[in-house]
Amino acid sequence: MNDSSRVMQVCRLDLWISPVFDDLVRSEANLALQVLAHQGEDPRTLAALSRAHAYHVSAAKDELPRAWFVNQALIAQCPDLLCVSSGGAGFDTVDVEACTRAGIAVVNQAGANAFSVAEHTFGLLLAVVKRIVESDTKLRRERGFSREDLMGEEIHGNTLGLIGLGEIGQRTARIAQGFGLEVLAYDPYLSAEQIHARGAQPVTLEALLGRSDYVSLHCPLNATTQHLMGAEQFAAMKPGAVFVSTARGGIHDEAALFQALNSGHLGGAGLDVWACEPPAQDAPLMTLPNVVATFHTAGVTHGGRRNVARSSAQQIALMLRGERPAHLLNPQVWERFCERLREARG
């Protein structure tokens, strides 16, 4: 059987995804799509995955059943699996090292929803600083207060510190310039020249915390960033400063953030990400009026989800044609992946 005639099997679970993913995969003559049940440990799902060449997996760790995480246990049962596509910039549901050992290429969709997340970052910042949620709540439930009781702040001329200046961070920097903010950035993976080119001034983490009126997280969650923002870092922020995260739960220590807010040291927080999603309604941070909370929805827009789905389908199609994708997370696997692909094609 030659390369062009072998039909490659693509699987995804029946979690919500923009229809553009299915449309694009099905438009490829040499790809066949299967949509599998995610509830329970359905043996039919495992049977299909065991024959799959590509698996598109949700990046939402608290929505995906553990049985369908791409880990060593699942990989061992999927001998034909060649590539995995994580449905977001994150890849918490994929053990990339285990995939690399098995010769499986892994891609994410970095940048696909970057505009949506950057916009949401400013939505949270403005909601906190302008006290928009507090005002809305009071207007609906109370009377006898003045406009001055809900007085917010003007952000023009203040300083925004970005921890991480990747696809989302650099878009946030551009928006910040439109608001007249000075932008500082700490990113150990970028040179000073690269940070300048992305619209920010390079600084150390210590300088960023001490100089910024607003600190926003835009780095991935990994072993080096777990609780990157803890009690020491929150104490180093300016009194009255605002903390925002649209990155990943676990990068900031929620208990330490609560203490910094409850003590009055910090002026507020806008949080889209949580250690457990959704957070408990009685979680300490949820009890504070100067915390604006959203349910990891920064990238969950019609446009953002459509872009992620399109990127996912396109990268899968590229890989199964033997073409290198844009967002390969384990480039060291590529040569072995290509060998396995040739064998699978027969």
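Quick summary incoming for the structure in this document. (Residues numbered from 1 in each chain as written. Predicted model: local features only at pLDDT ≥ 70, side-chain atom pairs only at ≥ 80, totals over all residues. Heavy atoms only, no water.)

**Overview of the layout of surface pockets**
Alright, step 1. The volume enclosed by the second largest pocket comes to roughly 340 Å³.
Alright, step 2. Taken together, 21 residues make up the lining of the second largest pocket; nearest its centre are Val 128, Val 129, Glu 153, Val 242 and Gly 267.
Alright, step 3. Its residues assigned to classes, the lining of the second largest pocket shows eleven nonpolar, six polar and four charged. (1 Å grid on protein atoms, 1.4 Å probe; cavity = no way out; pocket = protein on both sides within 12 Å on 5 of 7 lines; lining within 4 Å. Points joined across faces, edges and corners; volume = space filled by probe spheres on them. Nonpolar A, V, L, I, M, F, W, Y, C, P; charged D, E, K, R; others polar.)

**Examining the sheet that holds strand 8 (residues 201-202)**
Alright, step 1. Taken in spatial order, the seven strands make up an open sheet running 8-7-6-9-10-11-12, and their pairing is parallel. A strand with exactly one partner marks an edge of an open sheet, and here the two such strands are strand 8 and strand 12 (291-293).
Alright, step 2. Each of strand 6 (159-163) and strand 7 (182-186) touches helix 7 (residues 167-178); the most contacted strand, strand 6, lies at about 175 degrees to it.
Alright, step 3. Running over the sheet, helix 11 (residues 254-262) touches strand 10 (242-245), strand 11 (268-271) and strand 12 and is turned about 145 degrees from strand 11. (Pairing = 2+ DSSP bridges. Helix = DSSP H or I, 4+ residues; strand = E, 2+ residues; numbered from the N terminus. Contact = heavy atoms within 4.5 Å. Axes fitted to C-alpha atoms, helices over the stretch in contact; angles between N-to-C directions.)

**Details of the pairing of strand 2 (residues 31-36)**
Alright, step 1. Bridging between strand 1 (residues 8-13) and strand 2 involves six bridges; their strand directions are parallel. Across the sheet, residue Leu 13 finds its bridge partner in strand 2, namely Leu 36.
Alright, step 2. Taken together, strand 1, helix 1 (residues 20-26) and strand 2 constitute a β-α-β crossover, and its handedness is right-handed. (Right-handed = clockwise from strand over helix to strand, strands pointing away.)

**Overview of unusual backbone geometry**
Alright, step 1. Each neighbour pair has its own omega, and for Glu 277 with Pro 278 the value is -5 degrees, a cis peptide bond.
Alright, step 2. The phi torsion at His 227 lies on the positive side, around 55 degrees, for a residue other than glycine.

**Side note on the sheet that holds strand 4 (residues 83-86)**
Alright, step 1. Taken together, five strands build an open sheet; the order of strands is 2-1-3-4-5 and the sheet is parallel. On the outer flanks of this sheet lie strand 2 and strand 5 (105-107), each paired with one strand and no other. Put simply, the sheet's adjacent strands are angled 20 degrees from each other on average, direction ignored.
Alright, step 2. Pairing geometry for strand 1 and strand 3 (residues 54-57), over three bridges, is parallel. Its bridge partner lying in strand 3, Val 10 is registered against Ala 54.

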